[in-house]
Each structure stands twice: as structure tokens, then as C-alpha cells.
Amino acid sequence: MTDFSKEIEELLSKLTLEEKITMIHGAGFFRTGEVERLNIPAFYFSDGPMGVRSEFKNDEWMPYGPDDDFVTYLPSNSAIASTWNTELAYESGKVLGEEARGRAKDMILAPGVNIKRDPRCGRNFEYLSEDPRVIERMCVPIIKGIQESDVSACVKHYAVNNQETGRMAVDTEVDERTLREIYLPGFKAALLEAGSLSVMGAYNKFRGEQCCESKVLLDKILREEWNYDGTIVSDWGGVHSTEEAANSAMDIEMSVTPDFDDYFFAKPLIKAVEDGVIAEETVNEKVRNTLRLMYRLKMLGSEVNARKAGAYNTKEHREKAYKTASESIILLKNENKILPLNKNKFKKVAVIGANADVMHSFGGGSAEIKALYEVSPLMGIKMALGGNHKVTYSKGYHVPSKAMNATESWQAESTNTDAELEYPYVIRSKPGQFAEINKGLFDEAINAAKEADVVIFVGGLDHNYDIEGKDRDDIKLPYDQDIIIEKLLDVREDMVIVLNAGSPVEMPWIDKAKSVVFTYYAGLEGGSALADVLFGDVNPSGKLSESFPYKLEDTVTYKNGQFGSKEKVVYEEGVFYGYRYYEKENINVMFPFGYGLSYTEFKYDDFNVKSCGNGSFEVCFSVENMGDVDGMEAVQVYAGENNPTVERPVKELKAFTKVSVKKGEKASVSLMLNKADFAYYDVEKKDFITNSGDYTIYIGASSSDIKFKTTVTI
Ligand code: BGC
């Protein structure tokens, strides 16, 4: 990548201290200041990651007004990950980048690449996976797609930002090996492989320092080790001091309050330079990084007129959002082949559940979207069936709500560390709290279920639970849904259950249920994609990019109590969380990492693992479609060291791909594993090491459905 040093130095030499400072802090909630005299424009940001956020006034958390900021609402990062399709990740990134540019943004605050360490984390829906390899492979194409439109991605939140409780101050303590093997690979791939032009520092602390001022994370790892020359932006309100932050590699300070001149990187920084506390050269370095970003985005320099203009709300964008949604939906259970439902074989459909008839897009915190439209599951079902079927809808259970006053904003208060974040429009309920109201709703739903030919329940979580700033207390379904599901299963054991959430939920009725579908927040076409899966126009091919435990108590972070403290969280489990933990401890999970069914059956065969020298292997096999519909299958290759010198997971995901196989046909798969894929982080040597010795390579349809394994020697 060009570094534009000559042009940068020339421009830098002309800037006054005040002008330099203008460029490195917020002069509006989503922009920096401009330097008109030298034609340096203001820099415009927007959230991410499910689309470009609506416009706010410069200094008030108020909608801007005009209705020109509705956008394509894209499937969430969790949904993208569950497609296991890197091509769709790229297409989603491309849509996001084009829309961001189309809305005149310079940077889109996406993607979120934090590890889903505990299912309670409120922002899990914004993140990709529990597994670093899935995160790496999926975030690289997203970022490349975004940046093709001359707009910067901003990978977030760096680093070890895995809970919302006490988010501005909680100190995270992670041992070096775990940091390197689990929590950093996504960021490293985003910055070095995808070339993300920017990265956002996290709110939390890391080993005692605020992430946005961290010498270890920013200076040592990003700048020195990784030689990263992109721009480091703070999370909004993540900077806590002038001196510490200025002396760290942090470049641009953004925040949530309108006192822009008093930001740490505003007047106080000018004063610190004038008083000789901070060297002007320190400021220069931040300005260089900011100018370099502008040159790379063609905001400055000879190519300004060639900068891409982008586009938003195009038909093509909606089609891509639909495609991603349709491949993200996960079939968890399908006994007696209840699904797909044959439209010609039923007339009366009872759709039950609040999530069937809800708009999720305008919720979740900074990821909220003003969607051009959102096809709800109910609308998707009705659109797919047309007028010859009778579709009834009953809410099934009560969801309390609070109307939002147009002048209220959670974001203005979002950095207040004293109070648990209070959202004006978020409201949760306790089990049994609305028992009275529910009695009536339950009866109505049960009657509807009894009368219908087909019953589809659509429940799960919503953005009262999947939300920035607030974790969940447990992973149970809210609003007494478990009670109504049990009751409905008693009268209709063939009921199709659809759950929508950003993270795992407990399903205490799972043994009784015959047919269960899971969907993450799937964007504006989510309801159409769901209907197409239910009625068999789309053969489901999504797989879980995280483990679904039976209950919260099975998770290691529940057992070690290292989640949700406002002060300090020690990642005592090290690398053993998620499937790495369940496999080590032989704990049965409800649905394993990598799992998802199809309407067809795939037969894996012709296994051949060839050594290619130098510790690398080509893993070959075939996947045959044995059923009578075309399908797609995400195939996975895991590896584990047989006699490790440090304790290592039984196996870890190393490679995957998704193959499309027509009925009766066979596809061949070839995946490469290199020596580095077998490595662990050696704390003494401060490097990744691959021991000589034996390793097991596993080929599977999920982490627990292993079709073949073999020992190789390095
Ligand atoms: C969030 C970021 C977001 C920023 C700007 C913060 O509250 O943590 O993810 O990009 O606000 O809205």
C-alpha cells in the first residue's frame, strides 16, 4: 500500500498546531474538523455493522430529520458467519462499503471481531463467532469488500472486549498465550491480511490500562510488532486522559458529548504541547496517520476525482442481503422430516410468537438501522403463501414495551460508568411477571394451534436482550416463552419452532420438539429467507459458528465466575472455552460448534491427506449429495497435537469451505493446512511454534460429527 510520505510531510509542514489538533478529535459526533485553508476535508464516520446508521445532528443525539437515510439492513455478523461462505462475507462487505460511500461516509465502524466468549454478552449479535479461525476467514473478505469502495473499514473493538457489564472500566486479565491464540488473530488478520485502514480501541481496560491508551495493545503489538500504519480511532468516549492517550499510539479521539473543544485531544492537548508536556512530534505522528488514511481513501491527492461514489438501497444490495440471509438460517432439528412444509398439503397456518411480527432493525445500540424495510417472519410467510391459505397470527406471550421519546438517546449517557446503562426504550421482564396477561394470550395461541393444519412458532430474543451496554443475566428465553412452547408442544408435537437471537438460548423442551430452526438477525430480507427455508424453496445450509450448551451452568465462564464483574475479569479458562472446553471436559452440548442440518444427506468419502513437505498437508475428500434436493454443505477440517508440550485443545478448527452439490452428484474438496496451522504460542520464545511430532487431522460436518481422522507427522 502506498504510504504517501512525501505528500504527507509537505502538508504537515504547512499545518499549525491548532489545525493539526482539529484533525484528530471529534468536531461532531461522527466527524472530525476540517482545515479549509489547505483543502483538508472533515472525516465522516458511521456505524456499522448491519448497515449505515441514520444521520444525527452534529451535536445532538437527535435524528437529523430528512427521510433520506433509510438503508439496506444487512444480516448481522453472526448471521454472516453462520453461512460459512466467504464469498457471501465479501458480498456483504461490498454492500456495506458501497452504501457507506453512497451516504458520503469515509469510515464505516465495522466489522465487530470480538470473540463470543460467553453467551450472555449483550453485543454477541454484532460479533462473528466463538472461534478465531472463523473470525479470521470471515472478517478478511468483509473488510476487503468494504474497502473496495474507497471507504475505510474500522475493525472493532480492540481488544478483549467480551462483555458489556462495566464496559468503560472493567479490567480484563488474559494470559499471553490465550491472548495470542484466541483474542488477537481476528484483529491481526483484519489489519495485516485484509488491510483494514483503521481499528477502534475498546472501552475496557487491558492489564490495568484503558485499551484506548494501552502501550501494550497499541504501541507494542499494533505499531511495533505488526508494523501497522493505519489509523487508530478511539471508541466513542474510550479516551480517559490527554497525556496517557497522546503518548500512546491512539490517533483520533471520538466521544459522545458535544463539548468537542474540551475533548482530551482538543484544547487540553494544545495546552499540553504548549506547556512542553507533550512533544509536538507526538501530535505530528497522529496527523500523519490521519492524512495517510485520507490519501488512501482518495480524499486528498491526485486521485480525488476518481474516488468511488458508492450507492445505497440498490436492488442488487437487497438481493445480496437475501442471499446471505438464506444461507445463514440453521436447521437444528427435523425429526420425521416435518420440514420443508409442502404448501399444497395444508390450508390453515397458525403463526404464533412475538418475534413473528416485529421489526428488529431499529434496536441493539449503535448497530441500530433505519431499514428501508424489514420483512418480518409473518410477512415473509404470508408473502410466500399468497391468498389461498388462511394464516392466523397470535402473539402467544406478552412483550412489555416502552415508547421512546424522540428526544431521548441512550448514547449520550452511554459512557456513564456509575449507572448500569439505562436505555429509554429497553425493557426486560421477569419470569411470571405478566402471568395474568399471558393467561389470555396462551389460551388464544393454543386454540389457534388446535385449529390449524400447520403451526409455526417464532420466538427467541430481541434487542431488549441483544443489546450494546447490557449483558443478559441468563440464557433463558424471556417473556415466559418456555411455558407457552411446552403447552403448544403438548397439543401440537409437530409444531415448527423458529428462534431468532444473537447468541445461544436454553431450550428445555428440546427433546419434545421435532423441528427447530435458528436464525440470527438476518437483515431486511430475513423474513422472506425464513419462509423460503420453511417451504423448501431454499435448502438450509447455515451452521452454528458457536456452541449451544444445554444450560448456562455448563459454560466455563459461568463455572469460573469470570464474567460480568464491573471491576475485573480474569480469563482463567485460558484457551479452554466454547468447544475447546466442552471437548476437554467431555460435556455434552445441545448443538455443537459447526452444526447444522440440511433437507438432503451428504456422504463424505474418498479421504486422502497428502503430505506436501515442510509441515504442510493437502486434505482431500468428496461430498456426495444422497438426497433428492440440491444442497450446500459447510465442511470443516480440525487438527490437534497428539502429545503436546503444553495443554492444548483436543482439536481446533483450521480450515473450512462450503460446497454446493446437486442431488445425486459428488463434489471434491481440497483444503490446505500449513505448518503454522498446527502451532501454539510459546510464551518463553514469544512466538508461535509447531512442535515436531504427531498430529490428528479431522474432517467433519461439525466439531462433533467427524467423518474421518488420520494421524500425520511433522
Ligand atoms: C460503540 C461503538 C460504536 C460507537 C459509535 C460506541 O458506543 O461501542 O461500537 O461504533 O459507539 O456509535
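For the structure, check the block above.
Criteria and cut-off values
Residues numbered from 1 in each chain as written. Predicted model: local features only at pLDDT ≥ 70, side-chain atom pairs only at ≥ 80, totals over all residues. Heavy atoms only, no water. Buried < 20%, exposed > 50% of the residue type's maximum accessible area, 1.4 Å probe, protein only. Helix = DSSP H or I, 4+ residues; strand = E, 2+ residues; numbered from the N terminus. Core = buried A, V, L, I, M, F, W, Y, C linked by side-chain atoms within 4.5 Å. Contact = heavy atoms within 4.5 Å. Salt bridge = Lys/Arg side-chain N within 4 Å of Asp/Glu carboxyl O. Pairing = 2+ DSSP bridges. Phe/Tyr/Trp six-rings, centres within 6.5 Å; stacked < 30°, edge-to-face > 60°. Lys NZ or Arg CZ within 6 Å of the ring centre and 35° of its normal.

Asks: For this particular structure, what's the right way to read helix 6 (residues 176–183)?
Replies: When you tally the buried positions in helix 6, you get seven out of eight residues, the bulk of the element. Within the sequence span of helix 6, burial applies to Arg177, Thr178, Leu179, Arg180, Glu181, Ile182 and Tyr183.

Asks: Would you take a moment to explain the nonpolar core for this structure?
Replies: Counting residues in hydrophobic clusters, the biggest one holds 172 residues, and the most contacted among them are Ile40, Phe45, Tyr158, Trp236, Ile497, Met507 and Trp509. A total of eight residues in this core trace back to one element, the largest contributor, which is helix 5 (residues 132–147). Not counting chain neighbours up to four residues away, the residues in contact with Ile40 comprise Leu11, Leu15, Met23, Glu34, Val35, Leu291, Met294 and Leu300. Residues Leu339, Ile456, Ala522 and Leu530 belong to the second largest nonpolar core, which totals 29 residues.

Asks: Even after reading the chapter, I still don't get the pattern of salt bridges, so can you show me in this structure?
Replies: Applying the stated criterion across every chain yields a total of 61 salt bridges. Across the pair Lys320 and Glu91 runs a salt bridge, and its minimum N-O distance is 2.7 Å. Residue Lys320 is found in helix 12 (residues 315–328), and its partner Glu91 is found in helix 4 (residues 86–102); the two are separated by 229 residues along the sequence. A relative accessible area of 18% means that Lys320 is categorised as buried. For Glu91, a relative accessible area of 18% puts it in the buried group. Of the charged contacts in the structure, one is a salt bridge between Lys220 and Glu225, with a shortest N-O distance of 3.5 Å. Note on Lys220: relative accessible area 39%, which makes it partly exposed. Look at the salt bridges and you will find they share partners, linking Arg123, Glu126, Glu164, Arg167 and Glu468 into a network.

Asks: I tried to follow the sheet that holds strand 4 (residues 107–109) on my own but got confused; where do I start?
Replies: Strands belonging to one sheet form pairs held by backbone hydrogen bonds; the direction of such a pair is parallel or antiparallel. Read across the open sheet, the three strands follow the order 3-4-5; overall the sheet is parallel. Single-partner strands in this sheet number two, and they are strand 3 (45–47) and strand 5 (152–153). Taken together, the three bridges between strand 3 and strand 4 define a ladder with parallel strand orientation. Following the sheet pairing, Phe45 is matched in strand 4 by Met107.

Asks: Quick question: what am I supposed to make of the packing of aromatic side chains here?
Replies: Throughout the structure, instances matching the rule amount to 32 aromatic pairs. Aromatic side chains Phe45 and Trp236 sit 5.6 Å apart centroid to centroid with 85° between the ring planes, which places their arrangement in the edge-to-face category. With a gap of 191 residues between them, Phe45 in strand 3 and Trp236 in the loop between strand 11 (231–233) and helix 9 (242–246) connect regions that are remote in the sequence. Each member of the pair Phe45 and Trp236 is classed as buried. Ring centres of Tyr579 and Tyr638 lie 6.1 Å apart, and the angle between their planes is 90°; this geometry places the pair in the edge-to-face category. Here Tyr579 is found in helix 18 (residues 578–584), whereas its partner Tyr638 is found in strand 21 (residues 631–641), with 59 residues between them in sequence. In this structure Tyr579 comes out as buried when scored by relative accessible area, which is 2%. Under the relative-accessibility criterion, Tyr638 is labelled buried at 0%. One aromatic cluster is present, formed by Phe29, Phe30, Phe43, Phe45, Phe56, Trp61, Trp236, Phe260 and Tyr263 through successive ring pairs. Sitting over the face of the ring of Tyr638, Lys651 holds its NZ or CZ atom 5.4 Å from the ring centroid.

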